[in-house]
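Each chain, letter by letter, is given below.
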Amino acid sequence: MTDRADEMMEHAGHQIAHIYSGLASACAALPLPITLPTGVVTSEEIIPAVRRIVEIIEEVPLPEDQQADLFAVATYWLAAVDLYGINVHEFEESRVAGVMGILLMAGETLGQLAEWLLNDRD
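Residues numbered from 1 in each chain as written. Predicted model: local features only at pLDDT ≥ 70, side-chain atom pairs only at ≥ 80, totals over all residues. Heavy atoms only, no water.

A. Inspection of a negative patch on the surface at higher detail. Together, D3, D6, E7 and E10 give the surface a local cluster of negative charge. With respect to the helices and strands, the residue D3 is situated in helix 1 (residues 3-28). (Patch = residues over 30% accessible without salt bridge, like charges linked within 9 Å, V, L, I, M, F, W, Y side chains within 5 Å. Areas by Shrake-Rupley, 256 points an atom, 1.4 Å probe, with all protein chains shown as cover. Salt bridge = Lys/Arg side-chain N within 4 Å of Asp/Glu carboxyl O. Lys, Arg positive; Asp, Glu negative; His and termini not counted. Charge placed at Lys NZ, Arg CZ, Asp CG, Glu CD. Helix = DSSP H or I, 4+ residues; strand = E, 2+ residues; numbered from the N terminus.)

B. Layout of the packing of helix 1 against helix 2 (residues 43-56). Their axes nearest at 12 Å, the elements helix 1 and helix 2 cross at an angle of 50°. In this view, helix 1 runs oblique relative to helix 2, as classed from their interaxial angle. By crossing handedness, the relation of helix 1 to helix 2 is classed as left-handed. Across from Y20, L23 and C27 in helix 1, the residues of helix 2 making contact are I46, V50 and I53. (Axes fitted to C-alpha atoms, helices over the stretch in contact; angles between N-to-C directions. Parallel < 35°, antiparallel > 145°, perpendicular 65-115°, else oblique. Left-handed = near helix turned anticlockwise from the far one by under 90°. Contact = heavy atoms within 4.5 Å.)

C. Expanded view of the side chain of N87. By the element assignment, N87 lies in helix 3 (residues 64-89). Side-chain polar atoms of N87 contact the side chain of R95, separated by 3.4 Å. (Polar contact = N/O pair within 3.5 Å; in protein donor to acceptor, adjacent residues only side chain to side chain.)

D. Representation of the packing of aromatic side chains within the structure. Scanning all chains against the criterion turns up one aromatic pair. Note on Y20 and W77: the rings are 5.5 Å apart at their centroids and 45° apart in plane angle, and the pair reads as tilted. Of this pair, Y20 sits in helix 1 while W77 sits in helix 3, and the two are 57 residues apart along the sequence. Assigned by exposure class, Y20 and W77 land together as buried. (Phe/Tyr/Trp six-rings, centres within 6.5 Å; stacked < 30°, edge-to-face > 60°. Buried < 20%, exposed > 50% of the residue type's maximum accessible area, 1.4 Å probe, protein only.)

E. Geometry of the environment of P37. Looking at the secondary structure, you find P37 in the loop between helix 1 and helix 2. Relative accessible area serves as the criterion here: at 24%, P37 is assigned to the partly exposed category. Separated by 31 residues in sequence, P37 and D6 have C-alpha atoms that sit 27 Å apart. Excluding residues that lie within four positions of it along the chain, P37 makes contacts with Y20, E45, I46 and A49.

F. Just the nonpolar core, in detail. One finds I34, L36, L70 and W77 to be the most contacted residues of the largest nonpolar core, which totals 38 residues. At the level of elements, helix 1, helix 2, helix 3 and helix 4 (93-120) are the ones that each hand at least two residues to this core. For this core, the element with the most residues is helix 1, which contributes ten residues. Once you skip the residues sitting within four places of it in the chain, L70 turns out to touch L23, C27, L30, I34, I53, I57, V60, L62 and L113. (Core = buried A, V, L, I, M, F, W, Y, C linked by side-chain atoms within 4.5 Å.)

G. Local environment of helix 3. The end-to-end C-alpha distance of helix 3, which contains 26 residues, comes to 38 Å, matching closely the 38 Å that a straight helix rising 1.5 Å per residue would cover. Q66, Q67, D69, L70, A72, V73, A74, W77, L78, A80, V81 and N87 are the residues of helix 3 that are buried. (Expected span 1.5 Å × (residues − 1).)

Written out as structure tokens, the structure reads:
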């Protein structure tokens, strides 16, 4: 990869980690907490954990809107990781743009969930 491609992928990787960290924090703050792996982790640990959120979302005791937000963040994050993984093997700048766009949506939705967790829980 070129230096520009490496920089783009590095930035995307940092954003993936940032959104995951926020997701893990939000999950820990849920009325019935969900514990995601934190610290030094591998994709082999965290991807199945986020997939599990998608599988159990209907069992999570949250209002419908917050349940939808949690589902959206998890699926956005998984989509970004999948697209990032394709790009590792076959770089295409437009894929990095797609990763960043997906993560932007994930971040906005995560912000909505965090706002509820911090202020509107009652």
